Amino acid sequence: MIGASAALALLLVLSASDTTEADRLFAAQRYEEAAAAYRALLSDDPANPALGLRLGASLLNLGRPDEAVPVLEGAETGSPADPAVLQVLGQAYLAAGRFDEAAARFRRLLEDRPGDPGLLVRLGACQYQGGELEGAATSFRTALETQPDNPRALAGLGMSLNGLERPAEARPVLERAVARAPSDRMARLALAHTLAELGEFLRADELLRSLTAEAPGDWEAWSVLARLRFRQSYHEQALEALDRCLALRPGDADTRILRARSLVKLGRLPEAQEVFEGLAADPEVAADWEFLLGYAEYSFSAGDLVAALTRIDAALSRKPGSGLLHYWRARVLHYEGDAAGARAEAERAVSLSPGLREPRGLLVRIYQAQGLEAEAAEQIEWLRAREGEVARGVRR
């Protein structure tokens, strides 16, 4: 999430008491030449941690963290308590995707510099990338206590809240992040995701279209746009965005799954079947809950209710708290004539995902068939209120 800092490494060089030609090359941001010069110096003095630090920083600024790490580990061996070595090594670990090792270095530095917002942001980045979302949110919040307008801390906190499925909390944080750093694509993309989760589709779509127009090669922006349009039931437009995704990453399984689901929604079942059968050959993909949901949707549309229910149950074993999956189980049971089972599953779906419209629509039909007019009226009132929001452009 947060890459290497050329400014940090530059400060390290300028703080040195002696300045070599290699240092001057680094200060001029001629990192390739600087790296070659530091390598030559290290060949004569291989245990020198200062030279290892500077070579590692050069490699890091060249976007080669995997090469930087062993050099910086050597510098840490020679100077284990040097905060500059620990900080640049932490950055290298972070850039290389070795999040636990990066976090360990930043925590050691925080022992001497508690509350340092830069270190807390880097620690939060490690926690976020490692899936420790609550810990990441805490680190970003602590950084904001010292620097309330730090755009990286704001973006990191908003993304962590998104990951924790708390979009209502994430929105004001990400609005502030974008206001402080309007060119930060990461913050804008996170805000678009939040708006989509809150049902503000029009603004989310606008943000995503601007991101893809600015950078047509941004796979992630196209991916979020495709999912937004799928959720809006604009399946032709979703296919267009998904095809852009596949042009950028031809083998991406998640994109292929969503493309197959879009084909099902458009009634293009033979094409969808071909995609699902190809994906099923990969055991890891075949165990993915969204793949199983999509294949269940295909089976339902093809009239194979037994296969549909089997696949929904398999998906629920992997994601039991999904309101969408419980809705689909309710839908299949209702189609089979099991009104009691369908009602229980649809009510469970509403409990798990109160903002999901589909299970409420199904409950209206079930309640009316069972003579439960008050319960049906309650769901109808909710649906009308939601449609009113859509008509006012709040959610669409």
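Residues numbered from 1 in each chain as written. Predicted model: local features only at pLDDT ≥ 70, side-chain atom pairs only at ≥ 80, totals over all residues. Heavy atoms only, no water.

Enquirer: Just checking my understanding: could you explain the confidence of the model for the protein for this structure?
Expert: Segments scoring low in pLDDT should not have their predicted coordinates read at a detailed level. Of the residues in the protein, 93% reach a pLDDT of 70 or more, and the chain-wide mean stands at 91. Low pLDDT, under 50, characterises residues 13-18; the stretch is placed with 7 contacts to residues that sit more than four places away or in other chains. Below a pLDDT of 50 lies the segment residues 392-396, which in the model reaches 18 contacts outside its immediate sequence neighbourhood of four places, other chains included. (pLDDT = per-residue confidence, 0-100. Contact = heavy atoms within 4.5 Å.)

Enquirer: Just to check I follow, could you spell out the packing of aromatic side chains for this structure?
Expert: Given two aromatic rings, one states the distance between the centres and the angle between the planes to describe the pair. Counted under the stated rule, the structure contains 9 aromatic pairs. Pairing Phe276 with Phe291 gives two aromatic rings, centres 5.9 Å apart and planes at 65°, and the pair type is edge-to-face. Residue Phe276 is found in helix H17 (residues 269-280), and its partner Phe291 is found in helix H19 (residues 289-301); the two are separated by 15 residues along the sequence. Just as Phe276 is buried, Phe291 falls in that class too. (Phe/Tyr/Trp six-rings, centres within 6.5 Å; stacked < 30°, edge-to-face > 60°. Helix = DSSP H or I, 4+ residues; strand = E, 2+ residues; numbered from the N terminus. Buried < 20%, exposed > 50% of the residue type's maximum accessible area, 1.4 Å probe, protein only.)

Enquirer: Explain helix H11 (residues 167-180) to me, please; I cannot follow it from the model alone.
Expert: The α-helix winds at 3.6 residues per turn, so residues separated by three or four positions along the chain end up facing the same way. Helix length check: H11, at 14 residues, gives a terminal C-alpha distance of 19 Å against a target of 20 Å (1.5 Å per residue), a fit within 8%. Pro167, Ala170, Val173, Leu174, Ala177 and Val178 are the residues of H11 that are buried. Residues of H11 that are buried make contact with helix H10 (151-163) and helix H12 (185-197). (Expected span 1.5 Å × (residues − 1).)

Enquirer: Could you clarify how one ought to interpret the pattern of salt bridges in this entry?
Expert: On inspection of all chains with the given rule, the structure shows 33 salt bridges. With a shortest N-O distance of 3.4 Å, Arg329 and Glu345 are connected by a salt bridge. Remark: Glu345 occurs in helix H22 (residues 339-352) and Arg329 occurs in helix H21 (residues 323-336); sequence separation between them is 16 residues. Note on accessibility: Arg329 and Glu345 belong to one class, buried. (Salt bridge = Lys/Arg side-chain N within 4 Å of Asp/Glu carboxyl O.)

Enquirer: For this particular structure, what's the right way to read the side chain of Arg188?
Expert: With respect to the helices and strands, the residue Arg188 is situated in helix H12. One polar contact links Arg188 to Glu214, side chain to side chain, over a distance of 2.9 Å. In this view, Arg188 contacts Val178, Pro182, Leu207, Ser210, Leu211 and Glu214; residues no more than four positions away in its chain are not counted. (Polar contact = N/O pair within 3.5 Å; in protein donor to acceptor, adjacent residues only side chain to side chain.)

Enquirer: Teacher, can you tell me more about the packing of helix H4 (residues 49-61) against helix H5 (residues 65-78) here?
Expert: The description of two packed helices rests on the angle between their axes and on the distance between the axes. It is at 8 Å that the axes of H4 and H5 come closest, and there the two elements cross at 160°. With respect to H5, the axis of H4 lies roughly antiparallel. Here H4 and H5 pass one another in a crossing that is left-handed. Here Pro49, Gly52, Leu53, Leu55, Gly56, Ala57, Leu59 and Leu60 of H4 come into contact with H5, specifically with Pro65, Glu67, Ala68, Val71, Leu72, Ala75 and Gly78. Residues that form the contact of H4 with H5 fall into these classes: 11 nonpolar, 3 polar and 1 charged. (Axes fitted to C-alpha atoms, helices over the stretch in contact; angles between N-to-C directions. Parallel < 35°, antiparallel > 145°, perpendicular 65-115°, else oblique. Left-handed = near helix turned anticlockwise from the far one by under 90°. Nonpolar A, V, L, I, M, F, W, Y, C, P; charged D, E, K, R; others polar.)

Enquirer: I tried to follow helix H7 (residues 99-112) on my own but got confused; where do I start?
Expert: Counted at 1.5 Å a residue, the expected span for H7 with its 14 residues is 20 Å, and the 21 Å between its end C-alpha atoms agrees. Those residues of H7 that sit buried are Phe99, Ala102, Ala103, Arg105, Phe106, Leu109 and Leu110. The arc that holds every buried residue of H7, seen down its axis, measures 160°, which confines them to one face. For H7, the exposed residues set more than 90 degrees away from the buried face come down to Asp100, Glu111 and Asp112. (Arc of directions from axis to C-beta.)

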